[in-house]
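# Per-entry structural report
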Amino acid sequence: GKNFETFVGACIFIACREQGMPIHRLAKATSIDQREFGALFSWKDTKLVRYYKEICNHLEIPLPPDKAINNVEWIGKRVEYSMDEETLKLPGSVIREATKLLSKVPDSETGSNPVGIAAATLYIVSVTSGHPFTQKQFAEAAKVNSQTVTKSAKRLNSIIKKNKLGKHVDHNTRYHRL
């Protein structure tokens, strides 16, 4: 009596989590368009989340926690800034630097939202590198609220300062586009 498509979606999420593969990589491997894929399998679908939890509990599947570092590349490739008729993309160097920075940060200190932490890391690295991207653009690319990126960036900044991991963003300073 369950919704078949939602049940299959929950099973796909479980398989991806067991393999340690972000779900967006599966979208690339299939012939389904990214937007269609996102519409089919969305964490905003409460039935999907409920089925996911029911299946894991019934089969006693202990899933590894999602890690922020697994989401950096996916978010970084989606960030865009349209200026006049030109569209700027986030450079690969920023994505690589964000991955390096995030690999130095202990998972226990990052918080409960790995997607928000990944977006915040990209934001911090882009600002310290002088790129004109905003927290809102990273939030849209990560499909989270901009407050999530703001809170995650503040948390990450304090971790960077405390552990002396590199450059950080001063939240009292306004960063303007060039």
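Higher on the page you've got the structure.
Residues numbered from 1 in each chain as written. Predicted model: local features only at pLDDT ≥ 70, side-chain atom pairs only at ≥ 80, totals over all residues. Heavy atoms only, no water.

## Description of the pairing of strand β2 (residues 86-89)
Look at any regular strand and the pattern is simple: side chains alternate between the two faces of the sheet. In terms of strand pairing, strand β1 (residues 80-83) meets β2 through four bridges, oriented antiparallel. If you follow Met83 over to β2, its bridge partner there is Glu86. From the end of β1 to the start of β2, which pair antiparallel, there are two residues, and Asp84 there has a positive phi angle of about 55 degrees. (Pairing = 2+ DSSP bridges. Helix = DSSP H or I, 4+ residues; strand = E, 2+ residues; numbered from the N terminus.)

## Here we look at the environment of Asn145
Within the fold, Asn145 resides in the loop between α9 (135-142) and α10 (146-163). Along the sequence, Asn145 and Gln135 sit ten residues apart, while their C-alpha atoms lie 9.7 Å from each other. A distance of 2.9 Å separates a polar atom in the side chain of Asn145 from the backbone nitrogen of Gln147. (Polar contact = N/O pair within 3.5 Å; in protein donor to acceptor, adjacent residues only side chain to side chain.)

## Remarks on the pattern of salt bridges
In the structure shown here, the tally under the stated rule is four salt bridges. Where Arg50 meets Glu54, a salt bridge forms, and the shortest distance between an N and an O atom there is 3.7 Å. A residue pair is termed a helical-turn pair when its members lie 3 or 4 positions apart in one helix, as Arg50 and Glu54 do in helix α4 (residues 46-59) at four residues. Exposure remark for Arg50: the relative accessible area of 42% places this residue in the partly exposed category. The partner of Glu97 in a salt bridge is Lys100, with the nearest N and O atoms 3.8 Å apart. (Salt bridge = Lys/Arg side-chain N within 4 Å of Asp/Glu carboxyl O. Buried < 20%, exposed > 50% of the residue type's maximum accessible area, 1.4 Å probe, protein only.)

## Remarks on the nonpolar core
Nonpolar side chains tend to gather and get buried jointly when the protein is soluble and globular. Val72, Ile75, Val79, Leu90, Leu122 and Phe138 are the most contacted members of the largest nonpolar core, which has 33 residues in total. At the level of secondary structure, the elements contributing two or more residues to this core comprise α5 (72-78), α6 (92-104), α8 (114-128), α9 and α10. For this core, the element with the highest residue contribution is α8, accounting for ten residues. Among residues more than four places away in sequence, those in contact with Val79 are Leu88, Lys89, Leu90, Phe133, Gln137, Phe138 and Ala141. Ranked by size, the runner-up nonpolar core spans nine residues in total, among them Ile14, Leu48, Tyr51 and Tyr52. (Core = buried A, V, L, I, M, F, W, Y, C linked by side-chain atoms within 4.5 Å. Contact = heavy atoms within 4.5 Å.)

## Some details on the packing of aromatic side chains
Scanning all chains against the criterion turns up two aromatic pairs. Considering the side-chain rings of Tyr123 and Phe138, the 6.2 Å spacing of their centres and the 75 degrees angle between planes classify their relative orientation as edge-to-face. Here the residue Tyr123 occupies a position in helix α8, and Phe138 occupies one in helix α9, the gap between them amounting to 15 residues. Like Tyr123, the residue Phe138 is buried in the burial classification. Seen from their ring centres, Phe133 and Phe138 are 6.2 Å apart, and the 65 degrees between their planes marks the pair as edge-to-face. Look at Phe133 and you get buried, because its relative accessible area is 6%. Three or more aromatic residues link up through ring pairs in this structure, and these residues are Tyr123, Phe133 and Phe138. (Phe/Tyr/Trp six-rings, centres within 6.5 Å; stacked < 30°, edge-to-face > 60°.)

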